[in-house]
Amino acid sequence: MSSYWPTGDQQPNATPAEIEFARNWRDTPKVVFSSTIEKVDWNTRLVTGGAIDEYAIVTHPVLVGGGTPFFTWTAG
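Residues numbered from 1 in each chain as written. Predicted model: local features only at pLDDT ≥ 70, side-chain atom pairs only at ≥ 80, totals over all residues. Heavy atoms only, no water.

**Some remarks on the overall build of the chain**
Working step 1: What the chain contains, in helices and strands, is one helix and two strands.
Working step 2: For the chain, the succession of helices and strands along the chain, N to C, is α-β-β.
Working step 3: By the burial criterion, 14% of the 76 residues in the chain qualify as buried.
Working step 4: Expressed as a percentage of contacts within the chain between residues at least 6 apart in sequence, the contacts between residues at least 24 apart total 8%. (Helix = DSSP H or I, 4+ residues; strand = E, 2+ residues; numbered from the N terminus. Buried < 20%, exposed > 50% of the residue type's maximum accessible area, 1.4 Å probe, protein only. Contact = heavy atoms within 4.5 Å.)

Shown next, in the form of structure tokens:
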């Protein structure tokens, strides 16, 4: 990513979509979580600890209803 997108909008054959994406990519702050990388660039900050490997949303159906629902359901 960092070898192309920082200047992707300046390429002579860049499409309008590539130009827009390159500008968004360059301007959006990024965070890299790593315990092995020592340096990052291009509007990026490095976090070496406290990374979350995975989120798991688990639902437990309730046969007799009650409690606060995590997701709301509407028939439509």
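**A short note on the packing of aromatic side chains**
Any pair of aromatic rings gets described here by the distance separating the centres and the angle formed by the planes.
Working step 1: Within this structure, the stated rule accounts for two aromatic pairs.
Working step 2: Seen from their ring centres, Tyr4 and Trp5 are 4.8 Å apart, and the 85° between their planes marks the pair as edge-to-face.
Working step 3: Ring centres 4.7 Å apart and planes at 70° place the aromatic pair Trp5 and Phe21 in the edge-to-face group. One end of the pair, Trp5, is in the segment before helix H1 (16-27); the other, Phe21, is in helix H1, and 16 residues separate them in sequence.
Working step 4: Linked through ring pairs, Tyr4, Trp5 and Phe21 together constitute an aromatic cluster.
Working step 5: Over the ring of Trp25 we find Lys30; its NZ or CZ atom is 4.4 Å from the centre of that ring. (Phe/Tyr/Trp six-rings, centres within 6.5 Å; stacked < 30°, edge-to-face > 60°. Lys NZ or Arg CZ within 6 Å of the ring centre and 35° of its normal.)

**Considering the pattern of salt bridges**
Working step 1: Summed over the entire model, instances satisfying the criterion amount to two salt bridges.
Working step 2: Notably, a salt bridge pairs Asp9 with Arg23, separated by 3.2 Å at the nearest N-O pair. Here the residue Asp9 occupies a position in the segment before H1, and Arg23 occupies one in helix H1, the gap between them amounting to 14 residues.
Working step 3: Among the salt bridges present, the one from Arg26 reaches Asp9, with a minimum N-O distance of 2.9 Å. Taken as a pair, Arg26 in helix H1 and Asp9 in the segment before H1 lie far apart in primary sequence, 17 residues in all. (Salt bridge = Lys/Arg side-chain N within 4 Å of Asp/Glu carboxyl O.)

**Here we look at the side chain of Ser34**
Working step 1: Within the fold, Ser34 resides in the loop between strand S1 (30-33) and strand S2 (44-47).
Working step 2: Among the polar contacts made by the side chain of Ser34, one reaches the main-chain amide nitrogen of Thr36 at a distance of 3.0 Å.
Working step 3: In this structure, Ser34 is in contact with Leu46, Val47 and Thr48, ignoring residues within four places of it in sequence. (Polar contact = N/O pair within 3.5 Å; in protein donor to acceptor, adjacent residues only side chain to side chain.)

**Some words on unusual backbone geometry**
Working step 1: For Trp42, which is not glycine, the phi torsion reads 55° and is therefore positive.
Working step 2: Among the structural elements, Trp42 can be located in the loop between S1 and S2.
Working step 3: Within the chain, Asn43 stands out as a residue other than glycine whose phi angle is a positive 60°.
Working step 4: Along the chain, the position of Asn43 falls in the loop between S1 and S2.
Working step 5: Assessed through its relative accessible area of 39%, Asn43 is described here as partly exposed.

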